[in-house]
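# Commentary on secondary and tertiary structure
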Amino acid sequence: MHPVGQTTAPIRVIGLISGTSVDGIDAALIEISGTELDLKIELLAGKTYSYPAELKEKILAVGAGEAISMPELAELDDAIACTFAQAAQNIQLNHQSASLIGSHGQTVYHRPPKKAGEAEEHTSTTLSNQKSRKAEGKFSADLGYSLQLGRGDLIAHLTGITTVSNFRAADIAVGGHGAPLVPRVDAFLLSHPQEGRCVQNLGGIGNVAYIPPRRDDWLVKIRGWDTGPANSLLDLAVHHLTAGAKTYDESGEWAASGTPCNPLVEQWLSQDYFHLPPPKSTGRELFGVAYLHQCLQDAKAYQLSPADILATLTELTVASIAHSYQTFLPQMPQRVLLCGGGSRNLYLQQRLQLLLPSIPVLTTDEVGLNADFKEAIAFAVLAYWRQLGLPGNLPAATGAPQEMLLGEIHPSFVN
Ligand SMILES: Nc1ncnc2c1ncn2[C@@H]1O[C@H](COP(=O)(O)OP(=O)(O)OP(=O)(O)O)[C@@H](O)[C@H]1O
Ligand SMILES: CC(=O)N[C@H]1[C@@H]2OC[C@@H](O2)[C@@H](O)[C@@H]1O[C@H](C)C(=O)O
């Protein structure tokens, strides 16, 4: 049942996520009321809890393709769930307890679906052939695949709180990318009656939600997609250039002391992903270690200093974002609202502002939504929608043919 418009009493929900940067678990304790257009949230507490160093290393290694045995996989899944459950317990200290958890988990692998025509099976087989192959499950490889570790049933067991997890699966099962999922939450928390807005997340990977002014058929005009690398290449470069001593460039100060190499940015922008029309999603599988090494190889021809390399990688992030707005949006927004860790990179923000001179580039903090914990807040809202029987995906952003209920509910049980 769709309880849209019904009054719902406020409840406390915890949202948990560790993103592609693997920089720790973002936990948000929020109070939610309303449903969609009347959705209201208050952030009661937000905190990032670091992973134990060994666990972080293992996640990064497995994400980068290191082989793992089944017992090790089970152990890793449980270790992540335990760390998430601990974060859920800690965020409630000094607060009334929550009655629901939405846990995104930790992405360790993401494969976007194949587009129609890309799969060999679609090209030459007859319809009856196709039907029998489908019955045999031969089309399963056309669907996307996205694996998040940190199983929800264990989190529910350890916390005693009903937990919703595995949010991407239902969207992927009907042919969607399973990402980005946050745009539907952005739409109901950040739309404006007169102003078209782009909400730009700058995590390891970047994603955008374009939200037109909230009138007439605004909901069907919302768009969303993964824009490409945000901090993933920058973080890897900092790690490489400092021999592991640093993990990121605070405020973008190091990059700010360099100069972007524009011919290199142009060359990198010719990469297929940036020209693929949305809906589209990506991850560290593409914009990861191998990609950075190719970039460093390309940079040799220009004899760039470390600071120039960081400035040039920053320029790739901002140019790919601005280029994707100009290419794929029905119209340019009147405001860009940044969120995610990259919104704390002042150099990156300034460079994006230079490329979008007539559009104010601010952060979501400036319109009242915490830029550091917006993703964690979003997974609390998605869990709440799941419990109310409301859909969580936005077909225009994920490419799914329909709205879906997202997430598996793991009830808590008391002995
Ligand atoms: N003060 C800062 N100055 C510069 N960069 C920062 C700062 N704080 C965070 N970052 C960058 O933001 C990154 C983390 O961002 P965030 O936590 O939003 O990513 P994520 O959630 O892991 O990724 P995704 O959204 O792709 O899942 C860090 O790895 C770092 O590069
Ligand atoms: C598979 C996966 O974890 N994707 C993340 C990643 O991080 C940013 C971008 O790529 C985004 O689309 C997605 O996460 C956010 C939370 C989303 O689904 O909206």
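Residues numbered from 1 in each chain as written. Chains lettered and ligands numbered in written order. Predicted model: local features only at pLDDT ≥ 70, side-chain atom pairs only at ≥ 80, totals over all residues. Heavy atoms only, no water.

This part takes up the site of ligand 1. In the region of ligand 1, 22 residues are neighbours, and T20, S21, D235, S251 and G341 sit closest. One of the side-chain N or O atoms of N201 is found 3.1 Å from an oxygen atom in ligand 1. Note that an oxygen atom of ligand 1 is positioned 2.9 Å from one of the backbone N or O atoms of G204. Protein chains shield 87% of the accessible area of ligand 1, which is 660 Å² for the free molecule. Both domain 1 (11-178 + 375-410) and domain 2 (182-367) contribute no fewer than three residues apiece to the shell around ligand 1. (Near = heavy atom within 4 Å. Polar contact = N/O pair within 3.5 Å; in protein donor to acceptor, adjacent residues only side chain to side chain. Areas by Shrake-Rupley, 256 points an atom, 1.4 Å probe, with all protein chains shown as cover. Domains from an automatic or database assignment.)

Ranked by size, the top nonpolar core spans 47 residues in total, and within it L313, Y325, V336 and L356 carry the most contacts. Within the second largest apolar cluster, 39 residues are counted, among which are I32, F167, A371 and A376. (Core = buried A, V, L, I, M, F, W, Y, C linked by side-chain atoms within 4.5 Å. Buried < 20%, exposed > 50% of the residue type's maximum accessible area, 1.4 Å probe, protein only.)

The next subject is helix α7 (residues 182-190). Burial analysis of α7 places 8 of its 9 residues in the buried class, the great majority of the element. In this structure, the buried residues of α7 make contact with β7 (197-202), β8 (205-211), α8 (218-221), α16 (374-388) and α17 (395-398). (Helix = DSSP H or I, 4+ residues; strand = E, 2+ residues; numbered from the N terminus. Contact = heavy atoms within 4.5 Å.)

Close reading of the predicted structure is inappropriate where its pLDDT is low. Mean pLDDT over the protein: 92, with 91% of residues reaching 70 or higher. Of the two predicted TM-score estimates for the complex, the pTM is 0.93 and the ipTM is 0.98. (pLDDT = per-residue confidence, 0-100.)

This part takes up the site of ligand 2. Lining the immediate environment of ligand 2, one finds 17 residues, of which T107, R168, L181, V182 and D226 sit closest. L181 places a polar main-chain atom, nitrogen or oxygen, 2.8 Å from an oxygen atom of ligand 2. V182 is positioned with one of its backbone polar atoms (N or O) 2.9 Å from an oxygen atom of ligand 2. Starting from 440 Å² of accessible surface for ligand 2 in isolation, the protein chains cover 97%. Here the shell around ligand 2 gets 3 residues from one element, more than from any other, and that element is strand β4 (residues 100-111). Looking at the shell around ligand 2, its residues break down into 7 nonpolar, 7 polar and 3 charged. (Nonpolar A, V, L, I, M, F, W, Y, C, P; charged D, E, K, R; others polar.)

Moving on, we come to the pattern of salt bridges. Scanning the entire structure with this criterion turns up 13 salt bridges. Close ionic contact of R151 with D78 constitutes a salt bridge, the shortest N to O distance being 2.6 Å. Here D78 lies in helix α2 (residues 70-91) and R151 lies in the loop between β5 (145-149) and α5 (152-159), a separation of 73 residues in the sequence. Taking the relative accessible area as the measure of exposure, R151 reaches 35% and is therefore partly exposed. For R335, the salt bridge identified is with E195, shortest N-O distance 2.9 Å. Residue R335 is located in strand β10 (residues 335-339), and its partner E195 is located in the loop between α7 and β7; the two are separated by 140 residues in the primary sequence. (Salt bridge = Lys/Arg side-chain N within 4 Å of Asp/Glu carboxyl O.)

Moving on, we get to the packing of aromatic side chains. Overall, the coordinates contain 9 aromatic pairs when judged by the stated rule. When the centroid spacing of 6.2 Å and the interplanar angle of 45° are considered together, the rings of Y109 and Y145 count as tilted. Within this pair, whereas Y109 is found in strand β4, its partner Y145 is found in strand β5, the two being separated by 36 residues in sequence. In this structure an aromatic cluster arises from ring pairing among Y273, F274, F287 and Y291. One cation-aromatic arrangement involves R184 over W385; the distance from NZ or CZ to the ring centre is 6.0 Å. Lying over the aromatic face of Y273, K280 brings its terminal NZ or CZ to 4.4 Å of the ring centre. (Phe/Tyr/Trp six-rings, centres within 6.5 Å; stacked < 30°, edge-to-face > 60°. Lys NZ or Arg CZ within 6 Å of the ring centre and 35° of its normal.)

Our next topic: the side chain of S165. Tracing the chain through its elements places S165 in strand β6 (residues 163-165). Excluding its chain neighbours within four sequence positions, the residues that come into contact with S165 are S103, G152, G407, E408 and H410.

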